[in-house]
Structures are given as C-alpha cells and as structure tokens.
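Take a look at the letters that make up each chain.
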Amino acid sequence: MSQISCLPLMGSLIWCEGKPVYPGIRRRLYYTAKSNITQWPTLPVDEFGRPTSSVLKGSFEMAADKVFHCIDVLAEKSGLTSEPQGEAPSQTQLNKLVAVHPGVDDKATMASAYLNNSDVVVLIQDMNGKYRMIGNEKWQGKATVNQDLGQGSTGNANTTINVEHTDLIAAPFYEGIIPTEDGNINEPVTEGE
C-alpha cells in the first residue's frame, strides 16, 4: 500500500517577534447574490481535492449589469470568524460574518429584505488591506438580518447582518477585480504605475 504524501500541504508557521497582527475588518464590505455571478474564482486543490493555497485564482465574471454593492459597517462591532465543522475526513470550515450597519432607514430595511432571501457572496477587507471571501459556488449560504431601533434617547439604532457559509478553508483570500456601482476596484497595479 502506497503512502499519500501530505508534505506539499504542510509547512512551517513562523511569526517574527515584534511584528504586529492587526485585528478586525475595515469599514466597508461588498456583496452580491450568487445568481449574479457567471464565473467564479477558484481555490487551487490537489488531485485529492485538498486545498493547496489560501488564495483564490482568477476574478469574478458577472451577468450583464450586475455588480457588487457596498455596505458601510461599524468595524469595532463587526467581525469575521471561522470554525471547524463536521468530522474527519469530511471536516470543513464554517465562516461567519457579523456586520453592524449604523442605520435603520429605508435603504437598510430594503437591503435586509434582499439579504434575508438571497444566497450571497461577501467580500471584506482585513486590516492589512487583503480581501477575504465569504461564500462559494459549492455550498449554499445563509444570511439573516436584525434591526434594532434602539431604546430611549441613548440607545443605538442599527442593522446587523449575519452571513454563514461553509468552505474548504477559513475565508479564502481574494485578489481579483471587484466590479462595483462606481467601477472596478482591487485592480492589479502594473509596473510603472
């Protein structure tokens, strides 16, 4: 019986003492319905289906006139976590985003109706400026939205968006183009610019 090599998937995990690790996410996220996407970036895997990178390859291609929309959030009240689920050899990651938007107006209310009934993909930026993706074409996700109009004159009014999605790894990195209402963002910089 031959042994399957795991070495290409394993490596050292080094941290340089004194190097800061900034927690949290930035204040703007981007989302779209999975049905708006015609081609997906891919997670590299080996012949056994095991991820060989945490960085997705390629960019989204969107249906005609479809884009990612933005939501501004309170970064200090929002966050992304990932936890294991299932049992070996079928264990996956459950990526969970909690995003708190500081408003309950008509636009926030309409967004909540849309998000509650759609399977969405969300792109968020970590504090190092790298985008992470919650959602994929393989598994269906779940989005729920709560609104709190606050109490009295000192309460906070906000809309809280919760997105959960199964993936092979913890929120993969996305380096591709993000088509938005205001044009493409995250475009690669070419030499000489």
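One can find the structure itself at the top, above this paragraph.
Summary of the structure given here. (Residues numbered from 1 in each chain as written. Predicted model: local features only at pLDDT ≥ 70, side-chain atom pairs only at ≥ 80, totals over all residues. Heavy atoms only, no water.)

Here methionine 62 is to be found in strand β3 (residues 61–62). In this structure methionine 62 comes out as buried when scored by relative accessible area, which is 17%. Beyond its immediate chain neighbours, meaning those up to four positions away, methionine 62 contacts Thr32, Asn36, Ile37, Thr38, Val67, Phe68 and Pro179. (Helix = DSSP H or I, 4+ residues; strand = E, 2+ residues; numbered from the N terminus. Buried < 20%, exposed > 50% of the residue type's maximum accessible area, 1.4 Å probe, protein only. Contact = heavy atoms within 4.5 Å.)

Mapped onto the elements, serine 78 comes out in the loop between β4 (69–72) and β5 (79–85). Measuring from C-alpha to C-alpha, the distance between serine 78 and valine 98 comes to 5.3 Å, with 20 residues separating the pair along the chain. Ignoring anything within four residues of it in the chain, the contact list for serine 78 reads Ile25, Val73, Val98, Ala99 and Val100. A distance of 2.8 Å separates a polar atom in the side chain of serine 78 from the backbone oxygen of leucine 74. Side-chain polar atoms of serine 78 contact the backbone nitrogen of valine 100, separated by 2.9 Å. (Polar contact = N/O pair within 3.5 Å; in protein donor to acceptor, adjacent residues only side chain to side chain.)

A full pass over the atoms with the stated rule returns four aromatic pairs. Here the aromatic rings of phenylalanine 60 and tyrosine 174 are separated by 5.0 Å at their centres, their planes lie at 45°, and the arrangement is tilted. Taken together, the residues span a long stretch of sequence, with phenylalanine 60 in the loop between β2 (37–39) and β3 and tyrosine 174 in strand β11 (residues 173–174) at a distance of 114 residues. Taking the relative accessible area as the measure of exposure, tyrosine 174 reaches 1% and is therefore buried. Three or more aromatic residues joined by ring pairs form one cluster here, namely Trp40, Phe60, Phe68 and Tyr174. Sitting over the ring of phenylalanine 173, arginine 132 keeps its end group 4.0 Å from the ring centre. (Phe/Tyr/Trp six-rings, centres within 6.5 Å; stacked < 30°, edge-to-face > 60°. Lys NZ or Arg CZ within 6 Å of the ring centre and 35° of its normal.)

A few words on the sheet that holds strand β7 (residues 120–126). Strand pairing within a sheet occurs via backbone hydrogen bonds; the two strands may be parallel or antiparallel. Taking strand neighbours across the sheet as the criterion, the five strands line up as β4-β1-β7-β8-β11 in an open arrangement whose pairing is antiparallel. Edge positions in the sheet fall to β4 and β11, since each of these pairs with one other strand and no more. (Pairing = 2+ DSSP bridges.)

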